[in-house]
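# Structural description and commentary
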Amino acid sequence: MYRSGTVMAWNVFRFCTALRGLGSIMILLVLGVVGVTYYAVVLTNYGPSLVSGGGILDAFIAVAVLAIFHCLLVMLLWSYFSVIFTDPGSVPQSWNPVLDEERGDTDPLTASEFGASPADPANPRIRICKKCNQLKPPRCHHCSVCGRCVLKMDHHCVWVVNCVGALNYKYFLLFLFYTFLETTVVTLALLPQFIAFFSDGEIPGTPSTLATTFLAFVFNLAFALSVLGFLIMHISLVAGNTTTIEAYEKKTTPKWRYDLGRKRNFEQVFGLDKRYWFIPAYSEEDLRRIPALHGLEYPSKPELESQDF
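All residue numbers refer to position in the chain's written sequence, counted from 1. Residues qualify for local features only when their pLDDT is at least 70, as the model is predicted, and side-chain atom pairs are given and counted only at 80 or more; totals for whole chains, interfaces and linings, by contrast, use all residues. To get the side-chain values, all heavy atoms of the structure are used, and hydrogens and water are removed first.

## Some remarks on the overall build of the chain
By definition, any uninterrupted DSSP run of H or I lasting at least four residues is a helix, any uninterrupted run of E lasting at least two residues is a strand, and each is numbered from the N terminus. On a plain count of helices and strands, the chain comes out with eight helices and eight strands. Contact between two residues is taken to exist if any of their heavy atoms lie within 4.5 Å; hydrogens are not considered. Relative to all contacts within the chain whose residues are 6 or more apart in sequence, the contacts with residues 24 or more apart total 63%. Here the accessible surface of atoms and residues is derived via Shrake-Rupley with a 1.4 Å probe, and residues count as covered only by protein chains that are part of the display. As displayed, the chain has an accessible area near 16,900 Å², and 67% of this comes from carbon and sulfur atoms.

Put into structure tokens, the structure is as follows:
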């Protein structure tokens, strides 16, 4: 039994190590797809169409496609690197719960409970990470890949070599949103060229440019369809003020203590300032007024505070 447990732990360790290494490759893959797409849209098709001196309609279409393409690309990359370089949220070393926030008790915790041992059954009210050996705030989970506890952890994403948690979840959602818009625009922009591959007429361009256009269309169509599924899933999670992990944990629970209604649930992730809703940043006012954006405190329904999650 001990040997099988050791083997399983070793396999998990090797799997987590592989995920860390895979992350860097995935970033290069994303940048590679962006490069191929840029070459196909800007340098091969719509850039030459703009400077070739064709009709007014062709020039207008080229300007519109290039303007939308570049705007979405900037927002996509801004959101993407914000997810990568933003810490998802770590538990402060000095953090102590003033109240038992996980079980909804209104009695302040005592000093002896702060130092409770994870193996001490006399203090079941406090969540302690058995791997980090430290207190866990509400909605906090341990990431085996990162090797630490993450505030309001949603999942570990190999595409960004980072966890998605309280402090970068909005950026991740914007990355999905702008990726879907960009790949959809590119798919529609390259659709006439893709259809031309199956026509009997002669297609202008060299074999390399034609191959790049074909690959860019296929890649962007595949990404648009796959990202759409993830986007719909995360929109439903935001609407219910839950995470991927919590959705699995509470799948048998009819009501969720942190579900404050769609409007307030949305504000818990995107803030109150509408000017910042579509950019990977928060206003100072929102950071001051909404504790949930810091990942340590979350408002909940009083009648459901006894839920143990």
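Next comes the rest of the description.
## A word on the pattern of salt bridges
Between side chains of opposite charge, pairing is possible as soon as their charged atoms come close. Salt bridges are defined by distance alone: a side-chain nitrogen of Lys or Arg within 4 Å of a carboxyl oxygen of Asp or Glu. A full pass over the atoms with the stated rule returns six salt bridges. The salt bridge involving aspartate 273 is made with arginine 275; its shortest N-O contact spans 2.8 Å. Relative accessibility under 20% of the residue-type maximum defines a buried residue, over 50% an exposed one, and the middle range a partly exposed one, all with a 1.4 Å probe and only protein chains included. Here aspartate 273 falls in the buried class, since its relative accessible area comes to 16%. With relative accessibility at 66%, the residue arginine 275 sits in the exposed group. Note that glutamate 285 and arginine 288 form a salt bridge whose closest N and O atoms lie 2.4 Å from each other.

## Some remarks on unusual backbone geometry
Positive phi, close to 65 degrees, is recorded for arginine 139, a residue that is not glycine. Overall, arginine 139 belongs to the buried group, its relative accessible area being 3%.

## Here we look at the packing of aromatic side chains
Planes of paired rings set the category: under 30 degrees apart is stacked, over 60 is edge-to-face and the rest tilted, where pairs are Phe, Tyr or Trp rings (Trp by its six-membered ring) whose centres lie within 6.5 Å. Counted according to the given criterion, the structure contains 16 aromatic pairs. With 5.5 Å between their ring centres and 90 degrees between their planes, phenylalanine 197 and phenylalanine 214 make a pair best called edge-to-face. In this pair, phenylalanine 197 sits in the loop between α4 (169-196) and α5 (207-239) while phenylalanine 214 sits in helix α5, placing the two residues 17 residues apart along the sequence. Counting every residue linked through ring pairs, the aromatic cluster contains Phe194, Phe197, Phe198, Phe214 and Phe217. Note on criteria: charge over ring means Lys NZ or Arg CZ within 6 Å of the ring centre, with the direction from the centre no more than 35 degrees off the ring normal. Against the face of tyrosine 258 rests arginine 139, its NZ or CZ located 4.4 Å from the ring centre. Positioned above the aromatic ring of tyrosine 282 is the side chain of lysine 170, whose terminal nitrogen or guanidinium carbon lies 4.5 Å from the ring centre.

## Describing the UniProt feature "transmembrane region" (unreviewed entry) in the chain
UniProt positions are given in the numbering used here, feature names are shortened, and annotations may be inferred rather than shown by experiment. Here the UniProt-annotated "transmembrane region" (unreviewed entry) positions come out as residues 21-40, 60-81, 171-198 and 210-232. Measuring from the first to the last C-alpha atom of residues 60-81 gives 32 Å, for a span that is 100% helix and 0% strand. For residues 171-198, helix accounts for 93% and strand for 0%, while the C-alpha atoms at its two ends are 40 Å apart.

## Let's talk about the nonpolar core
By size, the foremost hydrophobic cluster in this structure holds 43 residues, and its most contacted members are Tyr80, Tyr169 and Phe172. At the level of secondary structure, the elements contributing two or more residues to this core comprise α1 (2-51), α2 (56-85), β3 (128-129), α4, α5 and α7 (262-270). The residues contacting tyrosine 80, other than those within four sequence positions of it, are Met26, Ile27, Val30, Trp159, Val160 and Phe175. One finds Val34, Tyr46, Val65 and Leu190 within the second-largest nonpolar core, a separate group that totals 16 residues. We call a set of buried residues a nonpolar core when its members are Ala, Val, Leu, Ile, Met, Phe, Trp, Tyr or Cys and they connect through side-chain atoms within 4.5 Å of each other.

## Remarks on α5
Helices are assigned an expected span. That span is 1.5 Å times one less than the residue count. The terminal C-alpha atoms of α5, which comprises 33 residues, lie 48 Å apart, in line with the 48 Å expected from a rise of 1.5 Å per residue. What α5 keeps buried is the set Thr209, Thr212, Thr213, Ala216, Phe217, Asn220, Ala224, Val227, Leu231, His234, Leu237 and Val238. Just beyond α5, the residue with positive phi is asparagine 241, at close to 55 degrees.

## With respect to the packing of α2 against α4
Put simply, α2 and α4 touch, their axes get as near as 8 Å, and they point 150 degrees apart. In terms of axis orientation, α2 runs roughly antiparallel to α4. Crossing handedness for the pair α2 and α4: left-handed. Mapping the contact onto sequence places Val65, Ile68, Phe69, Leu72, Leu73, Met75, Leu76, Ser79, Tyr80, Ser82 and Val83 in α2 and Tyr171, Phe172, Leu174, Phe175, Tyr178, Thr179, Leu181, Glu182, Val185, Val186 and Ala189 in α4. Three classes are used, and their members are as follows: Ala, Val, Leu, Ile, Met, Phe, Trp, Tyr, Cys and Pro are nonpolar, Asp, Glu, Lys and Arg are charged, and the others, Gly among them, are polar. Looking at side-chain class alone, the contact of α2 with α4 contains 18 nonpolar, three polar and one charged residues. Only the contacting stretch of a helix is used when fitting its axis, a line to C-alpha atoms as for every element, and angles between N-to-C directions run 0 to 180 degrees. Orientation labels follow simple angle bins: below 35 degrees gives roughly parallel, above 145 gives roughly antiparallel, 65 to 115 gives roughly perpendicular, and whatever is left gives oblique. Note on convention: the crossing is left-handed when the near helix lies turned anticlockwise from the far helix by less than a right angle, right-handed when the turn is clockwise.

## Details of the confidence of the model for the chain
For every residue, the predictor assigns a confidence score, pLDDT, that lies between 0 and 100. Considering every residue of the chain, the mean pLDDT works out to 84; 79% of them sit at 70 or more. Every residue in residues 1-13 scores below 50 in pLDDT, and together they form zero contacts with partners more than four places removed in sequence or on other chains. Low confidence marks residues 100-124, where pLDDT is under 50. Its contacts with residues over four positions away, or in another chain, come to 51 contacts.

## Description of the environment of cysteine 143
In this structure, cysteine 143 sits in strand β5 (residues 141-143). We classify cysteine 143 as buried; its relative accessible area is 2%. Distance from cysteine 143 to cysteine 163, taken between C-alpha atoms, is 7.7 Å for residues 20 residues apart in sequence. Each residue touching cysteine 143, except ones within four places of it in the same chain, is listed here: Arg148, Val150, Met153, His156 and Cys163.

## Details of the environment of arginine 139
Along the polypeptide, arginine 139 turns up in the loop between β4 (134-135) and β5. For the pair arginine 139 and glycine 165, spaced 26 residues apart in sequence, the C-alpha to C-alpha distance is 10.0 Å.

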